[in-house]
Amino acid sequence: MTSISALSVAPEIYPLVKTGGLADVAGALPRALAAEHVAMRTLCPGYHPVLAALKKTEAIARFDDLFGGPARLLSGRAGGLDLFVLDAPHLYERDGGPYVGPDGRDYGDNAFRFAALAKVGAALGQGLVEGYSPEVVHAHDWQAGLTAAYLHYSGKPRPGVVTTVHNLAFQGQFPAEVFGKLGLPPQAFSIEGVEYYGGVGFLKAGLQLSDRITTVSPTYAEEIQQSHAGMGLDGLLRARAGELFGILNGIDVEVWNPETDPMIAAPFSRKKLGQRAENKKALQARMGLTHAPDRLLVGVVSRLSWQKGLDLLLACLPLLDEINAQLVLLGTGDPAFEAAFQDAAQHHQGRIAAHFGYEESLAHLIQAGADVILVPSRFEPCGLTQLCAMRYGAVPVVARVGGLADTIVDANEMALEANCATGVQFTPVSAEALAGALRRCAKLHARPATWRKIQANGMKTDVSWTHPARHYAGLYREIALAGDTPA
Ligand code: ADP
Ligand code: GLC
């Protein structure tokens, strides 16, 4: 098989900078693709942790004025990844997170911060650096959306372009005034280009001008072509349905390996499931929950946002008492959710515990120690926590949407009979349906042999990147050096 060179353009990348699953994907895919003879390097912004981790750095290009200041393109390795890092202190050296300042608001110049990333991604794709000419550029989400536009309007031969939608809710929409500073030709401000409802749409541009569009599950690929989930882009996506593919995410099965995980209390495996109990005990102790080996322990690891449907869980808290369950929540985000869960924890000490913040080791311990991982999302492009749950023998209870629908086999009577159930699904996404699912889950948990089979089925499920990487590699090969004009 001939090898292929691909450039990934990603605004965040695990283990260096992460706000969500996109970072996990960007961090894991290059290694998985190596097995498919794809050499992937990643361009990412020069945030402080990235620069600090970069080894054997070499400046391979310089820009006197990249959207308002000088910048350098560095090449090097960090976090086990081959990186190009855009060192542009005026754009990326900030006190807050990758997208929002310490006040929780989007940075006012996000359009230019990410136009810069896309512009340099496109330049790299077209020979900016001698000896490097990728055949494919893979752009992630709105932050990299303009990559396809810069390539398309360059008028020069270009690599093939894939744009992946990780979440259609984040579109990178900016006012029309921004356009004049992007360095795109006037004709780009059109419905066939970057124009979007009178302004500039970064994600729209990527969807319009890429050779292939992917999103992170087959069901989400269908959902976003419908008006209820298309968030204004469903028409465009329907028009490009022939080039739109849903490829499920995997997880990094080395980072998420219950047999070797240094962040959990006791290693375990499908064959040694009994040792899992030590993790439940450690989790209960760490979170101040009553030690109760047999009580159903429900875990949540999530961004706290409307998308994730945690208000449905708030509505179900009385039910947790009724089914004698405990709840542990790890999350960060909307202060109103934090306040509500904080309040619940105060009023139900020993039964409900919450930790607010981003904490990797606790996320691992919850996966290893909780009986259930709950994901009641209103929409979920793929979702990674239910995949981690299966790998760690926690039973996912999920809303039947997007990637959650695609990855979990509901434990209905027939699936139990066929011994293929891996979790519990509910629909519609309502508090009533969630309550029904939790009741059903409690009944299953009360049948230990059945429960163990569901756990074992999850642990047997292939949640690795092996198959998804093969799918991406196939797409790359179809579009390598696509030429000038996308369909
Ligand atoms: P999304 O990207 O929409 O937030 P995903 O399920 O795709 O949802 O990915 C979330 C990732 O972030 C998972 O790897 C999960 O373990 C992790 N995560 C989410 N919240 C936290 C948190 N508060 N602390 C640690 N890890 C978290
Ligand atoms: C987004 C989605 C999530 C998906 C992740 C990685 O953040 O919300 O469902 O798993 O991207 O693709």
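Predicted model, so just to flag it, every value in this text is computed and none were measured.

Student: Before we go on, may I ask you to explain the sheet that holds strand β13 (residues 297-304) in this structure?
Tutor: The pairing of strands in a sheet comes from backbone hydrogen bonds and takes either a parallel or an antiparallel form. Taken in spatial order, the 6 strands of this open sheet run β15-β14-β13-β16-β17-β18, and their pairing is parallel. Single-partner strands in this sheet number two, and they are β15 (352-356) and β18 (424-426). For this sheet, the mean angle separating the axes of adjacent strands, direction not counted, is 20°. As defined by bridge partners, β13 adjoins strand β16 (residues 372-375) across 2 bridges and the pair is classed as parallel. Paired with Val298 across the bridge in β16 is Val372. Where helix α12 (residues 335-347) meets the sheet, it contacts β13, β14 (326-333) and β15, and its direction lies at approximately 145° from that of β15.

Student: Explanation requested: unusual backbone geometry in the structure shown.
Tutor: Peptide bonds are, in most cases, trans, and in most cases residues other than glycine have a negative phi. Cis peptide bonds are those with omega within 30 degrees of zero, and the linkage from Tyr14 to Pro15 qualifies with 5°. Among the secondary structure elements, Pro15 is positioned in the loop between β1 (4-9) and α1 (21-34). With an omega of -5°, the peptide bond between Thr427 and Pro428 qualifies as cis. Tracing the sequence through the fold places Pro428 in the loop between β18 and α17 (431-445). A positive phi angle, close to 50°, is found at Phe67, a residue other than glycine. Within the secondary structure layout, Phe67 lies in the loop between β3 (55-63) and β4 (71-78). Overall, the relative accessible area of 19% leaves Phe67 in the buried class. Phi is positive for Asn419, close to 55°, though the residue is something other than glycine.

Student: Mind showing me how you'd approach the layout of surface pockets here?
Tutor: The gaps left among the atoms become clear once a water-sized probe is rolled over them. Taken as a whole, the second largest pocket spans an internal volume of roughly 570 Å³. Lining the second largest pocket are 22 residues; nearest its centre among them are Lys280, Pro293, Asp294, Asp371 and His445. Elements that contribute at least two residues to the lining of the second largest pocket include exactly α9 (276-287), α17 and α18 (448-460). Of the residues belonging to the lining of the second largest pocket, the class tally is 9 nonpolar, 6 polar and 7 charged.

Student: Could you clarify how one ought to interpret the site of ligand 2 in this entry?
Tutor: Around ligand 2, the surrounding shell holds 14 residues, and the nearest of these are His166, Asn249, Glu380, Cys382 and Gly383. Asn249 places a side-chain nitrogen or oxygen 2.8 Å from an oxygen atom of ligand 2. Here the element with the most residues in the shell around ligand 2 is α1; it accounts for 3 residues. Residues belonging to the shell around ligand 2 are distributed by class as follows: 6 nonpolar, 6 polar and 2 charged. Per-domain counts for the shell around ligand 2 show at least three residues from each of domain 1 (4-250 + 466-479) and domain 2 (273-459).

Student: Looking at this model, I keep getting lost on the sheet that holds β3. Mind explaining?
Tutor: Read from one edge of the open sheet, 9 strands run β3-β4-β5-β2-β1-β6-β7-β11-β12, paired in mixed fashion. One side of each edge strand has no neighbouring strand; the edge strands of this open sheet are β3 and β12 (244-246). The sheet shows a mean angle of 25° between the axes of neighbouring strands, taken without regard to direction. Alignment of β1 against strand β2 (residues 38-45), held across 6 bridges, turns out to be parallel. By the bridge assignment for β2, Ser5 is matched with Ala39.

Student: Would you mind showing me how to read the domain arrangement of the protein here?
Tutor: Interfaces are often sized by the accessible area lost when the parts come together. What the domain assignment lists for the protein is domain 1 (4-250 + 466-479) and domain 2 (273-459). A straight line from the C-alpha centre of domain 1 to that of domain 2 covers 33 Å. Approximately 1200 Å² of surface area, both sides summed, lies buried where domain 1 meets domain 2, with 61% of it carried by carbon and sulfur atoms. In this assembly, domain 1 and domain 2 are joined by 0 salt bridges. At the junction of domain 1 and domain 2, the tally comes to 7 residue pairs in polar contact (both at pLDDT 80 or more). Elements that contribute at least two residues to the side of domain 1 that touches domain 2 include exactly α1 and α7 (218-223). The leading source of residues in the side of domain 1 that touches domain 2 is α7, at 4 residues.

Student: Mind showing me how you'd approach the pattern of salt bridges here?
Tutor: Side chains that differ in sign of charge can pair as their charged atoms come close. Under the definition given, this model contains 18 salt bridges. In this structure, Arg470 and Glu36 form a salt bridge, with 3.2 Å as the shortest nitrogen-oxygen distance. Taken together, the residues Arg470 in helix α19 (residues 466-479) and Glu36 in the loop between α1 and β2 connect sequence positions 434 residues apart. According to the relative accessible area criterion, Arg470 is partly exposed, its value standing at 44%. A salt bridge links Asp410 to Arg440, with the shortest nitrogen-to-oxygen separation between them at 2.9 Å. Note that Asp410 is positioned in the loop between α15 (402-407) and α16 (413-417) and Arg440 in helix α17, a separation of 30 residues in sequence. For Asp410, a relative accessible area of 9% puts it in the buried group. Among the residues examined, Arg440 registers a relative accessible area of 29% and is labelled partly exposed.

Student: What exactly am I supposed to notice about the side chain of Ser269 here?
Tutor: Turning to its location among the elements, Ser269 is positioned in the loop between β12 and α9. What makes Ser269 buried here is its relative accessible area of 14%.

Student: I keep staring at the site of ligand 1 and nothing clicks. Help me out?
Tutor: Around ligand 1, a shell composed of 18 residues is seen, among which Gly21, Arg303, Lys308, Gly357 and Leu384 lie nearest. A distance of 2.7 Å separates an oxygen atom of ligand 1 from a polar atom in the side chain of Arg303. Contact between ligand 1 and Gly357: a nitrogen atom at 2.8 Å from a main-chain N or O atom of the residue. When the free accessible area of ligand 1 is taken as 570 Å², the share hidden by the protein chains comes to 92%. The set of elements that each furnish at least two residues to the shell around ligand 1 consists of α1, β13 and β14. With 3 residues, the single largest contributor to the shell around ligand 1 is β13.

Student: How do you make sense of the packing of α17 against α18 when you look at a structure like this?
Tutor: The relative placement of two packed helices comes down to the angle between their axes together with the axis-to-axis distance. The geometry of α17 relative to α18 is characterised by a closest axis approach of 7 Å and an angle of 110° between their N-to-C directions. Put simply, α17 runs roughly perpendicular to α18. Listed contacts from α18 to Cys441, Leu444 and His445 of α17 are Pro448, Thr450, Trp451 and Ile454.

Definitions and cut-offs
- Residues numbered from 1 in each chain as written.
- Chains lettered and ligands numbered in written order.
- Predicted model: local features only at pLDDT ≥ 70, side-chain atom pairs only at ≥ 80, totals over all residues.
- Heavy atoms only, no water.
- Pairing = 2+ DSSP bridges.
- Helix = DSSP H or I, 4+ residues; strand = E, 2+ residues; numbered from the N terminus.
- Axes fitted to C-alpha atoms, helices over the stretch in contact; angles between N-to-C directions.
- Contact = heavy atoms within 4.5 Å.
- Buried < 20%, exposed > 50% of the residue type's maximum accessible area, 1.4 Å probe, protein only.
- 1 Å grid on protein atoms, 1.4 Å probe; cavity = no way out; pocket = protein on both sides within 12 Å on 5 of 7 lines; lining within 4 Å.
- Points joined across faces, edges and corners; volume = space filled by probe spheres on them.
- Nonpolar A, V, L, I, M, F, W, Y, C, P; charged D, E, K, R; others polar.
- Near = heavy atom within 4 Å.
- Polar contact = N/O pair within 3.5 Å; in protein donor to acceptor, adjacent residues only side chain to side chain.
- Domains from an automatic or database assignment.
- Buried area = accessible area lost by both parts, 1.4 Å probe.
- Salt bridge = Lys/Arg side-chain N within 4 Å of Asp/Glu carboxyl O.
- Areas by Shrake-Rupley, 256 points an atom, 1.4 Å probe, with all protein chains shown as cover.
- Parallel < 35°, antiparallel > 145°, perpendicular 65-115°, else oblique.

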